[in-house]
Amino acid sequence: MSVARSKKSVAPAKGYSKIVSGIWLTFIAGLLGFVLFVFAVSINFLNLFGELPDFKTLENPKSELASEMYSADGVLMGKYYKENRSPVTYDELPQNLVDALIATEDVRFEEHSGIDFKGLMAVGYYGLTGRSRGASTLTQQVAKNLFRTRAETSREGLLAGIPGLRMLIIKTKEWIVAIRLERAYSKKEILMMYLNTVEFGSNAYGIKSAAKTFFSKAPKDLSLEESALLAGIVNGPTRFSPVTNKERSQKRRDWVLSQMRKYNFIDDTTYTTAVAQNIKLQFQVENQNTGIAPYMRAEAGKWLLQWARDNGHNLYSDGLKIYTTIDSRMQQHAEAAVQEHMKTMQKLFLNYWKGRKPWTDENGQTIKGFLDTAIKRTERYISLKNRYADNKDSINFYLNKKIPMKVFTWEAPGEKNVMMSPMDSLAYYKHFLHTGFMAVNPLDGHIKAWVGGTNYKYFKYDHVKQGRRQPGSTFKPVVYTAAIDRGYSPCYKVPDLPVTFPAQDGRPAYTAKNSDDNFSGINYTLREALANSINTVTMFLVKNLTPELVVKYAERLGLGSNIEAVPSVGLGISDVSVYDMAGAYGTFVNKGTWTEPIYITRIEDKNGNTLFTNVPRSREVLSEETAYLMIHMLKGAVDIRLATAWHGLRNRYKLKNEIGAKTGTTSNYSDAWFMGVTPDLVCGMWVGGEDRSIHFRSATLGQGNKLAMPIYGMFMQKVYGDKNLSVSKAPFPKPEQPLNVEIDCSKYNNSVISDTVSQDQILQIPVRTDIDEEI
């Protein structure tokens, strides 16, 4: 009996042994299979799994970095990007941010080598209890973020399309890459890479952009509560956004703080104090509408995009550093002057046209069909036409359908919610005045301030370089330059009498009028005539010099090749830009050398290597004497009592230093201009409606000295009052050689041309023999 029982007891033992052996064999086979699977993934066996980044790529990981633009005084102006990301070094990270991140995302970060096996086992336990938990380490997340393991379909293999298997392959890749990263980089470097690549929502990628977007500060200045909030966001940028889900975000922040207390990064007192704080944001999403000099940045972007393509770079992802000539302080003063003046003038403009439509013809009559024509140039109309073809009823229905929208307003905060149709919106915006302002150092061509309009978010069109309008009398110095250069003296007198150009080549006879339609017969010196903007004297010079010669001088001064050689050329009838006019006036200050205005000085790659250095084009176009005589002429507008700029600059704005100036107004007040020059700063500005038919209809409000000059006065007041700037108040430097002409007109008799001599008897002044004949 005992022997039988003994034999029976052996059978279960052998069965148990077989089960254990089977389990071990299965485990070993599974482990071996998994090792072989990992190895196959690592070598992309038969292209089944997709490529992994090679060691060279791991040593030089590339993430999309925003290209940054800086002012001449080192201030970040704005960025060009698809993902708003700017890198930081580990030393720029606050310790409380590092602690919050480790406590929340990877508490064993300092212990593992890329894979947290303890965390992986915990995933299984949590799964059995019905709870979810992640096990990706910070290093694995760097692999995912930096090498786009879940996004780059180009790296997927033949098995990627099999459901379930694709994610296993991706996770395996991340494990492999994580281990390789741990071998290649220190823990600090991995943390830095993580914080430079992770998304925080609101178009903020990386901790530097996130700190600025949510709190308007640098990462090193983040408080404990702010660090905890940002550490909590990364797990779900939309779900935990403090902007759209503030309550949930605060709960997440408090949980992060509790994790920091749990793992002894902070004590109980610190935790209690921190969770008692409410979220305080200084939220501002960085985009093309914000930052310094947005109009200039937009114009520069066109050139930068082409330069990058031509030179094998990507403006939006290569992390270029672009250095400009803009002075952030002058830019701020320019924008403030524009805002202050244009707000005042807009109020006057709306009151002037109250109850009437401002789009009128030369006779003051409302232009019929004006809005119907204008709407056809809008994107909204083009989109509707593409959608509904020639179905006018459908197009008109949507053009006149009122919808909620935001529109610009001069009242704080700068925009308002309204119910308007597209036609209403068009009519609303046609009532606004626009402007362009530029300040440039004439000695080196460096643009110091650029304001292309009143509000870049709502008015994208740039009125500095993109826009071109008739300059009116601000073009007259070109005529006077030709006259001075060809031998006329600033003291030469010409009577204010009609000047007629005879009919020629089918063109009718032409006689210019003065702004007041009167001819006084008074003899003006050329300096007085320019200062008081006497049209007849300008026409006298054009007739004697010829329109063709005036055009050649305009081209010399950088005003392009589209100036028309017609009798009225001297009155500024050909369109020019503020940018070109500032460059032309800079020639007078720069001793006769025209220098192209520039706004970019150099470009560097993300490592600080210089890729491009900009040297402005320049050429000597006038003698030093002619240039100085033109400065003397321009000073007349400010120094001669009752001249066009005398009252405004000397009395209203109390500018006592030497200034050269010229106002400009087109015949129907469509365009108001002002040019101001000092020894190291030339400023040009224009004010007018979007359409030439929209303007004041009186000299009281529509002239250049009323509508444009105040911007200059306010700007110069602010610039001279800024102790951090060193803009010159010194006199204009005189030529090294003595002048060949006398500029003190009081030394001459009562008139160079007798008061009794009619204009028909005036003879053309001979050209000086010492002037170069080639124009």
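These lines cover the structure that appears in this document, whether it is placed above or below. (Residues numbered from 1 in each chain as written. Predicted model: local features only at pLDDT ≥ 70, side-chain atom pairs only at ≥ 80, totals over all residues. Heavy atoms only, no water.)

Focus on the overall build of the chain
Part 1: A tally of helices and strands in the chain yields 27 helices and 20 strands.
Part 2: The 775 residues of the chain split such that 52% are buried.
Part 3: Of the contacts formed within the chain by residues at least 6 apart in sequence, a portion of 71% connects residues at least 24 apart. (Helix = DSSP H or I, 4+ residues; strand = E, 2+ residues; numbered from the N terminus. Buried < 20%, exposed > 50% of the residue type's maximum accessible area, 1.4 Å probe, protein only. Contact = heavy atoms within 4.5 Å.)

Thoughts on the environment of I395
Part 1: Within the secondary structure, I395 is located in helix α16 (residues 392-399).
Part 2: A residue is classified by how much of its surface remains accessible, and I395, at 3% relative accessible area, is buried.
Part 3: Here the alpha-carbon distance between I395 and I382, two residues 13 residues apart in the chain, equals 9.8 Å.
Part 4: Excluding anything up to four places from it in sequence, I395 contacts Y381, L384, K385, Y388 and A389.

With respect to the state of the cysteines
A disulfide bridge is the covalent bond that connects two cysteines by way of their sulfur atoms.
Part 1: Summed over all chains, the structure comprises 1 disulfide.
Part 2: The side chain of C491 participates in a disulfide bridge whose partner is C745; the two sulfur atoms lie 2.1 Å from each other. Since a negative S-S torsion denotes a left-handed disulfide, the C491-C745 link at about -90° is left-handed. Taken as a pair, C491 in the loop between α18 (476-485) and β10 (493-495) and C745 in the segment after α27 (709-721) lie far apart in primary sequence, 254 residues in all.
Part 3: On the accessibility criterion, C745 (25% relative accessible area) is partly exposed. (Disulfide = S-S within 2.5 Å.)

Section: the layout of surface pockets
Left-over empty space is what a probe sized like a water molecule reveals as it rolls over the atoms.
Part 1: The space that makes up the largest pocket amounts to roughly 1300 Å³.
Part 2: If you trace the largest pocket, you find 50 residues lining it, with S473, S515, T665, Y669 and Q703 closest to the centre.
Part 3: For the lining of the largest pocket, the elements supplying multiple residues, two or more each, are α13 (328-352), α24 (646-652), β18 (660-665), α25 (699-702), α26 (704-707) and α27.
Part 4: With 4 residues, α13 is the single largest residue contributor to the lining of the largest pocket. (1 Å grid on protein atoms, 1.4 Å probe; cavity = no way out; pocket = protein on both sides within 12 Å on 5 of 7 lines; lining within 4 Å. Points joined across faces, edges and corners; volume = space filled by probe spheres on them.)

Description of helix α3 (residues 95-105)
Part 1: With 9 of 11 residues buried, α3 lies mostly within the body of the structure.
Part 2: Turning to α3, its buried residues are L97, V98, D99, A100, L101, I102, A103, T104 and E105.

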